[in-house]
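Chain residues, written in single-letter form:
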Amino acid sequence: MAFINQKKKEVQVKIVYYGPGRGGKTTNLEYIHRKFSERIKAEMVTIKTQGDRTLFFDFLPFNIGKIKGYDIKIQLYTVPGQVKYNATRALVLRGVDGIVFVADAMVVRKDKNISALDNLQENLNMFNTDIYKIPLVMQYNKMDLAKQGIPLLSYNTLEESLNCKFKAPAFKASALKGINVVQTMKKIIHMTLISLQKEFK
Amino acid sequence: MSYSLGQKQLDGIEDILKKELIDVGVQCVFLIDMAGNIIADLHEGEVVHDIYSLAALAAGNFGAVSAMAKIIGEDEFSLLFHKGKKENIHFSKVSQEFLLITIFGNLISLGFLRLKVTEVIDKIKHIL
Ligand SMILES: Nc1nc2c(ncn2[C@@H]2O[C@H](COP(=O)(O)OP(=O)(O)OP(=O)(O)O)[C@@H](O)[C@H]2O)c(=O)[nH]1
Ligand SMILES: [Mg+2]
């Protein structure tokens, strides 16, 4: 739930990267942090296990400047994707304004993607948020692995298994190589701000 | 979904936080919502902490502790306090949606702080 501070003329917006474990959510934020290191002065906050898996969340604040006189402060979060961390995963969704679903394009992860998406819907329901109404962007990640001969799901298969109900904007991406990472982020920010504007009128 | 607070409300809140907490020696106080947004923050002197990260962590921490309380059959834990060598941090629930966080040194006793925080929460509730 975005907060609009009329005194400071500031809007705080919460965007959450969701998806199956090891799908590349943290890698997305790490890339954004590196890419915009001039503008993002803060350290990225991460609560993770020794094996580098997200335990609670990653957090990266990102000021995108002024829109209509208001300072827009975007707060990027990732959830822990591992099934066993559902309690903390759900907590991160509290007050979410926009969601990026990071799917893993590897063939072996097909079912994991689907159950993570079902889990997103369930957890949003707990906060009375409708997955069909909240701004949502799909990211099909790890596309770079094709070059190494690893079997990947095709764009069409991914669309069919994950996005046929939502028809959300979707990107083929590689978080590791930085392909379409910024585009994904720009898209979700744009959609989220439009949806906030509509509501505010 | 979004919500908004106006100049008047925020001035009112900041005024209370300043008079009741900063002026009696609390180093830093901030009011956040459970999503991790910062509603108001006041500091004695200059801002020395990364408050956006603190807010995100505090909201997560509070959520986690509340969830633990539920699992063991408590409504909530009334005292959320971390003691350091020089600085201490205290969390207090204002309402279902808001949380008040104070950072203070050893010159202030926990008892006094809790008293002040309770007063502040009573006053802020009328504004929010
Ligand atoms: N080849 C390739 N590897 C990737 C890509 N994105 C992430 N990885 C790798 O996949 C592994 C997991 O990435 P993370 O970003 O930690 O995944 P996560 O979604 O945050 O995982 P959890 O925190 O467990 O939910 C790491 O070894 C990454 O380097 C990608 O686009 N291509
Ligand atoms: Mg992660």
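All of the points below concern the structure found in this document.

Reading the values: rules and limits
- Sequence positions are assigned chain by chain, starting from 1 and proceeding in written order.
- Chain letters start at A and ligand numbers start at 1, both assigned in the order the entries are written.
- For a predicted model such as this one, the threshold for reporting local features is a pLDDT of at least 70, and the threshold for listing and counting side-chain atom pairs is 80 or more; totals across whole chains, interfaces and linings nevertheless cover every residue.
- Note: side-chain values were computed over all heavy atoms of the structure, leaving out hydrogens and water.
- Buried residues of nine kinds, namely Ala, Val, Leu, Ile, Met, Phe, Trp, Tyr and Cys, make up a nonpolar core once their side-chain atoms join them within 4.5 Å.
- Think of it in three bands: with a 1.4 Å probe and only protein chains considered, a residue is buried below 20% of the maximum accessible area for its type, exposed above 50%, and partly exposed in between.
- Helical segments are the DSSP runs of H or I of at least four residues, strand segments are the runs of E of at least two, and each set is numbered from the N terminus.
- Whether two residues are in contact is decided by their heavy atoms, any of which lying within 4.5 Å being enough.
- Only nitrogen, oxygen and sulfur atoms qualify as donors, provided they sit within 2.8 Å of the metal or within 3.2 Å for Na, K and Ca; with water excluded from the atoms, sites may seem incomplete.
- We call two N or O atoms a polar contact when they sit within 3.5 Å, provided that within protein one can donate a hydrogen and the other can accept it, with sequence-adjacent residues counted only if both atoms are side-chain atoms.
- By convention in these notes, a salt bridge is any Lys or Arg side-chain nitrogen within 4 Å of a carboxyl oxygen on Asp or Glu.

With 49 residues, the main nonpolar core has Ile99, Phe101 and Leu120 of chain A together with Ile32 of chain B as its most contacted residues. At eight residues, helix H2 (residues 51–71) of chain B tops the list of elements feeding residues into this core. Apart from residues lying up to four places away in sequence, Ile99 of chain A is in contact with Val16, Tyr18, Leu93, Leu120, Leu124, Ile134, Pro135, Leu136, Val137 and Ile188 of chain A. Ile4, Leu60, Val182 and Leu193 of chain A belong to the second largest nonpolar core, which has 30 residues in total.

As a further point, take the coordination of the magnesium ion (ligand 2). For the magnesium ion (ligand 2), the full set of protein donor atoms is Thr26 of chain A (OG1) and Thr54 of chain A (OG1), at a range of 2.0 Å. Separated by 28 residues along the polypeptide, Thr26 of chain A in helix H1 (residues 25–35) and Thr54 of chain A in strand S4 (residues 54–67) bring together distant segments of the chain.

This paragraph deals with the environment of Glu87 of chain B. All names here are of chain B. Mapped onto the elements, Glu87 comes out in strand S5 (residues 87–93). Sequence spacing of Glu87 and Leu107 is 20 residues, and the spatial spacing of their C-alpha atoms is 9.9 Å. Residue contacts for Glu87: discarding those within four places in its chain leaves Gln27, Ile103, Phe104 and Gly105. One polar contact links Glu87 to Gln27, side chain to side chain, over a distance of 3.1 Å.

When the charged atoms of two side chains with opposite charge come close together, those side chains can pair. For the structure shown, the criterion picks out 16 salt bridges over all chains. The residue Asp71 of chain A makes a salt bridge to Lys66 of chain A at a minimum N-O spacing of 3.5 Å. Classification of Asp71 of chain A by relative accessible area gives partly exposed; the value is 27%. Given the relative accessible area of 58%, Lys66 of chain A is considered exposed. Asp23 of chain B is the salt-bridge partner of Lys18 of chain B, the closest N and O atoms lying 2.8 Å from each other. Residue classification places Lys18 of chain B among the partly exposed residues on the basis of a relative accessible area of 40%. We classify Asp23 of chain B as partly exposed; its relative accessible area is 47%. Connected via shared salt-bridge partners are Glu20, Lys116, Glu119 and Lys123 of chain B.

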